[in-house]
Amino acid sequence: MNMQEYLKNRVAFPLDELAKHCGEWVAWSPDGTRLVAASRDPDALDDLVRAAGEDPENCVVEGIPDADCVLGGMDVS
């Protein structure tokens, strides 16, 4: 994984799309351009990532805070 590429793409990901996953855990593609899987249960992510055709070892997992927070300067509630 190229971490610089991942971070550049992750920051550019549309906040309105990310806001749809408040309260969930998400698995990012290795390049940070897309969400591979999302679930409220972090233990379910590995299976969801594999079902999407990706290797869980290559995906970054991140928790997206609940709707009562500010996400990237945007109020999502």
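The structure under discussion appears in the preceding block.
Residues numbered from 1 in each chain as written. Predicted model: local features only at pLDDT ≥ 70, side-chain atom pairs only at ≥ 80, totals over all residues. Heavy atoms only, no water.

Asks: Looking at this structure, how should I read the pattern of salt bridges?
Replies: Once the charged atoms of two side chains with opposite charge are near each other, the side chains can pair. Tallying each qualifying case throughout the model produces four salt bridges. Its salt-bridge partner being Arg 10, residue Glu 62 comes within 2.9 Å of it at the nearest N-O pair. Of this pair, Glu 62 sits in strand β3 (residues 60-63) while Arg 10 sits in helix α1 (residues 3-12), and the two are 52 residues apart along the sequence. The salt bridge involving Glu 17 is made with Lys 20; its shortest N-O contact spans 2.8 Å. Judged by its relative accessible area of 33%, Glu 17 falls in the partly exposed class. Lys 20 gets classed as exposed once you look at its relative accessible area, which sits at 56%. (Salt bridge = Lys/Arg side-chain N within 4 Å of Asp/Glu carboxyl O. Helix = DSSP H or I, 4+ residues; strand = E, 2+ residues; numbered from the N terminus. Buried < 20%, exposed > 50% of the residue type's maximum accessible area, 1.4 Å probe, protein only.)

Asks: Explain the sheet that holds β3 here, please?
Replies: Strand pairing in a sheet is mediated by backbone hydrogen bonds. Such pairs are either parallel or antiparallel. Ordered by their spatial adjacency, three strands build an open sheet running β2-β1-β3, and the pairing between neighbours is antiparallel. Because the sheet does not close on itself, it has two edges, and the strands there are β2 (35-39) and β3. When strand polarity is set aside, the average angle formed by the axes of neighbouring strands in this sheet is 20°. Where strand β1 (residues 25-28) meets β2, four bridges bridge the pair, whose relative direction is antiparallel. Paired with Ala 27 across the two strands is Ala 37, which belongs to β2. (Pairing = 2+ DSSP bridges. Axes fitted to C-alpha atoms, helices over the stretch in contact; angles between N-to-C directions.)

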